[in-house]
Amino acid sequence: MPVLEVHKMSHNFGGLRAVNGYHLEIDAGQIRGLIGPNGAGKTTIFNLISGIYAPMEGEVLLNGQKVNGLPSHRIASMGISRTFQNLLLWRHMTVLEHVKMAHYSRIRYGLVGAFFGTRKRRREEEEIAERALELLDMMGIRHLANQVVLNLPYGAQRRVEMARALATEPKVLLLDEPTAGMNPEELVQIMEIIRRAHREFGLAILLIEHRLKVVMELCERIQTLNFGEVIAEGTPEEIQNDPKVIDAYLGKESVI
Amino acid sequence: MASTTTFRTFRDGWSRVPLIGWFFGALLAVTLERLVGDPLALAVGLPKIPALFGLDIMLKKPLLIPNAVLYGLLVYGLPMGIATRASIAPANRLATGLFRLPIVVTTVVYIGFLYAILHVWAGVNDYRALVLKLTLIAIMFTLSLNVINGYMGEFSCSHPGFMALGAYCASVFSLGLFVDNRFFGTALLPPALGPFLFPVALVLGGILAAAGALIVAVPSFRTRGDYLAIVSLAFLFIVKSLIENLEYVRGPRGLSGQPDWANLPTVFLWTVACIWSINNFVRSTIGKALNAVRDNEMAASAMTVNTRRTKMVAFLFSAFWAGIAGGLFAHVLRYVNPGTFGIQTLAEVLAMVYFGGLNSVYGSIVGAVSISLLGEVLRPLEIFKWIIIPLLLILVMIYRPTGLIAFKDVDVTALFRPKTGPGDEV
């Protein structure tokens, strides 16, 4: 059974049909790519799946359970995690605090622990910190744990976001342009991190990406989106040679 | 250059004084003042012991400035300087010993010490005791507002309203149950029981304030930013005019004759409890969620943080402590009227929060203490007081936009750590 299913999902912004009849099935351990020109609706699809907007039509199923319409923190704690295209980090918090924060829904000490500093709270906070440090280790940014994110270089901030997304212990990970603004060296590193995360956690990953090199290397199947609709779906080779995809990116060849 | 280096080595001598050493020094100084303060003040030409470190005298009679400075030096400066410096080794040994004990025991010892210092200092005259109690209440009030305006990044104007709710609730409780008076009739319970039930009165006040906060929060937390400021300002006016028109609590004439239960130890213990629980809260991951919501709410909810619950809990919690502060305030002054909880109180507490530092427990303490003391010290200048304090605030906003000590919570282990070697000071 696919871990994430999306059926006939549509959404309008005013009169604009941003997403139209989107359809997706991902099994655990698959990496899927989502490409398309700017404004095609890729990020909107992420926002709809992760519950930032509730889709107007269609449904989103996680392990067969309907999640659309739930608040986004519920969807996140059920196992859909994501990163953001334009790095939505918390500017005054340290790297470690970022990753600890993603454990929020699994905190059991409650308000009593928060107000009175019980032993249970101390133990839990220590456990969370330990797990967070392991993730930071995996991302290669453990030495930055006590730095405030504002002071970090861009590549490190991307890793913080990735560590934070993985800390929610997701089943499905939505990556919104994880390599945006990176140089070729950082690109190789982040691809290695995505592969490792995929291998170690057995995640289903849905990836929005503009760099075809990344998509072609990582993804088993790719969907191409234009004006909110899927215009082509297939393996990287099929997509690369699909005339509709070429049209969407380069425009139609006009006959003079 | 040489003089700056010698000054630095001179100053660095005190960098190895642990907190307990400073406490010893301060205790010595205040005890000295208690014992020989009066003759010493006469000897240096002052009429009596200066109430607030001589600052109050300097403004009233500028000619006495040298005498006041001399007094301050003799009573506070020299004894503290010498005692702390001389006792570095034993103080560090003691600090090490205390540090090995369970953290609860250590904390109690330190708090006991702090209380002893304040008790001796405030014992000199009633004015000092009153200023100290009001300052402690200001700390609670400022800290509770900082949870919203600093940690959560919203702008709440309703805190004086929460304080009023707490003050009136606690007053009605204590006047109605334990005091024979004209408004509530004869006492229902024996007055001897009163001091034991005083915490109940305060907590009820806090709960009423939290209930008021719920009324503000439900409609205004759907949106962000200015809306809460406007709704909460409206709430402040509603509470004020509600009390003014409520004949049950004697309207604008106010309630008086509250029993004298808010003595220094009581106020001190409640302040410690307030600082402790708020500090606990903002350092936990549940409390840190406030910062996440403030810095980016969308990211917070994508990382499983229940943003609405987070904001609600913080707002109610903060109002609760404002209510407790109100209850104590009413019992310290033993009089309360609705006029106290207006725009001026709001302006004062906002000044304390922004002066001291946003998102900071230390900052709230510093802000509340410095603005309260300034307010008292500048009293002789009358109306000019309200020019000088805002000017100071403007200067702070220009040079340190987030306040004097922003983004700093209390880390007790770091605070209690002995300072034996250079390696330990990290």
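Overview of the structure.

The rules behind these values
- Within each chain, residues carry numbers counting from 1 in the order of the written sequence.
- Ligands are numbered from 1 and chains lettered from A, in the order in which they are written.
- Side-chain atom pairs in this predicted model are given and counted only at pLDDT of 80 or more, local residue features only at pLDDT of at least 70, and totals for whole chains, interfaces and linings cover all residues.
- Starting at the N terminus, helices and strands are each numbered in turn, a helix being any DSSP run of H or I of at least four residues and a strand any DSSP run of E of at least two.
- We compute the radius of gyration from the C-alpha atoms alone; for a globule the expected value is 2.2 Å times N to the 0.38, where N is the number of residues.
- Any residue with 12 or fewer other C-beta atoms within 10 Å of its own C-beta is exposed, any with 20 or more is buried, and the rest are partly exposed; the C-beta atoms used are placed from the backbone.
- In this description, any two residues whose backbone-derived C-beta atoms lie within 7 Å of each other are considered to be in contact.
- A pair of strands counts as paired when DSSP detects no fewer than two bridges linking them.
- What counts as an axis is a line fitted to C-alpha atoms, over the stretch in contact for a helix, and the angles between N-to-C directions run from 0 to 180 degrees.

With that settled, the discussion passes to the overall build of chain A. Check the secondary structure of chain A and you find ten helices and ten strands. The C-alpha atoms of chain A give 19 Å as radius of gyration, which agrees with the globular expectation for 256 residues (18 Å, within 12%). Reported as C-alpha extents along the three principal axes, the dimensions of chain A are approximately 75 × 40 × 35 Å. A total of 256 residues make up chain A; the buried ones form 45% of that total. Expressed as a percentage of contacts within chain A between residues at least 6 apart in sequence, the contacts between residues at least 24 apart total 66%.

Even without being glycine, Asn63(A) reaches a positive phi, approximately 50°. As for its placement among the helices and strands, Asn63(A) is situated in the loop between strand E4 (57-62) and strand E5 (65-66). Despite not being glycine, Asn359(B) shows a phi value in the positive range, around 55°. Tracing the backbone through its elements, the reader meets Asn359(B) in the loop between helix H15 (343-356) and helix H16 (361-377). Using a count of 24 C-beta atoms within 10 Å as the deciding quantity, one classes Asn359(B) as buried.

Our focus in this paragraph is the sheet that holds strand E6 (residues 80-82) of chain A. All names here are of chain A. Here six strands make up an open sheet; going across it, the order is E6-E7-E8-E3-E9-E10 and the pairing mixed. Looking along the sheet, the strands with just one partner apiece sit at the ends: E6 and strand E10 (229-234). On average, each strand axis in the sheet is inclined to that of its neighbour by 20°, with strand direction left out of account. Judged from the five bridges that link them, strand E9 (residues 221-226) and E10 form a sheet pairing that is antiparallel. The residue bridging Thr224 from the neighbouring strand is Ala232, located in E10. Where helix H10 (residues 243-250) meets the sheet, its contacts fall on E9 and E10, and the angle it forms with E10 comes to roughly 130°.

Everything listed here is a matter of geometry and, on its own, says nothing about what the molecule does.
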